[in-house]
Amino acid sequence: MSEHIENADGQGTLVIGGRRSPVTYQISAVRSGERYVATTTLQAPRDWLLQQGFRQEALLERDGADVIKLYRPEVLDVVDDVSVSLSSEPLTCETREELVNRFPELDLVRMHRL
């Protein structure tokens, strides 16, 4: 059984086909048994994504942290919703320390309950 433990916001750069734009993103962390799983998401305007050449995949560069691949399950089209959700694959961390190292956006003070 999974237990939601923390959300965090961050500022980064979305990279699509060599084009870069600042974005705000969210991280959601859950505990699943003895492991931790984090997923990164962001919302972006459909028309802007299409103008950048987005189809299904983009990169999120985060300050002081790993680059994350973001996906959309279907190819983006002009008939889709005007706000598009991009998400990472869930990333599993074996320990709390690994989770915090990979996602420094998570506030250590608030994570005392982990």
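For the structure itself, consult the block above.
Residues numbered from 1 in each chain as written. Predicted model: local features only at pLDDT ≥ 70, side-chain atom pairs only at ≥ 80, totals over all residues. Heavy atoms only, no water.

Novice: Provide a residue-level description of the environment of H4, including the pertinent values.
Specialist: Along the chain, H4 turns up in strand β1 (residues 2-16). The exposure class assigned to H4 is partly exposed, which follows from its relative accessible area of 45%. Here the alpha-carbon distance between H4 and A38, two residues 34 residues apart in the chain, equals 9.9 Å. Aside from chain neighbours lying at most four places away, what touches H4 is S28, A29 and V30. Within the structure, H4 has its side chain in polar contact with the backbone oxygen of E6 (distance 3.4 Å). Looking at H4, its side chain comes within polar contact range of the side chain of N7, at 2.9 Å. (Helix = DSSP H or I, 4+ residues; strand = E, 2+ residues; numbered from the N terminus. Buried < 20%, exposed > 50% of the residue type's maximum accessible area, 1.4 Å probe, protein only. Contact = heavy atoms within 4.5 Å. Polar contact = N/O pair within 3.5 Å; in protein donor to acceptor, adjacent residues only side chain to side chain.)

Novice: For the nonpolar core, give the residues involved together with the corresponding values.
Specialist: Core analysis: the largest hydrophobic core is formed by 25 residues, its most contacted members being L14, L42, L49, L86 and L99. At the level of secondary structure, the elements contributing two or more residues to this core comprise β1, β2 (19-32), β3 (35-45), β4 (57-62), β5 (68-71) and β6 (83-87). What L49 contacts, discounting residues up to four positions off in sequence, is L14, I16, A44, F54, L76, V84 and L86. (Core = buried A, V, L, I, M, F, W, Y, C linked by side-chain atoms within 4.5 Å.)

Novice: So, the pairing of β3: which residues are in play, and what are the values?
Specialist: In the sheet, β2 pairs with β3 via 7 bridges, with the strands oriented antiparallel. Considered in β3, the bridge of Q26 is made with T41. Pairing of β3 with strand β7 (residues 91-93) involves 3 bridges; the strand directions are antiparallel. Of the residues in β7, the one forming a bridge with Y36 is C93. The pairing of β3 with β6 spans 5 bridges and is classified as antiparallel. Bridging across to β6, Q43 finds its partner in S85. (Pairing = 2+ DSSP bridges.)

Novice: Before we move on, could you go through the pattern of salt bridges and cite the residues and values that matter?
Specialist: Taken as a whole and assessed by the stated rule, the structure comprises 9 salt bridges. Among the charged side chains, a network of salt bridges with common partners joins D66, E98 and R102. (Salt bridge = Lys/Arg side-chain N within 4 Å of Asp/Glu carboxyl O.)

Novice: Run through the pairing of β5, naming residues and quoting values.
Specialist: Burial along β5 is one-sided: I68 and L70 are buried, while K69 and Y71, pointing the other way, are not. In this sheet, β5 lies alongside β4 in antiparallel orientation, the contact comprising 4 bridges. Counterpart to L59 in the pairing with β5 is K69. Connecting β4 to the next strand, β5, in antiparallel fashion are 5 residues, including G64 with a positive phi near 70°.

Novice: Now, about the environment of Y25: what can you tell me, with residues and values included?
Specialist: The topology assignment puts Y25 in strand β2. In this structure, the C-alpha to C-alpha distance between Y25 and L91, residues 66 residues apart in sequence, is 16 Å. Residues within four places of Y25 in sequence aside, it is in contact with A8, D9, G10, Q11, G12, T40, T41, L42, L60, R62 and E105.

The values reported here are purely geometric and, on their own, carry no functional implication.
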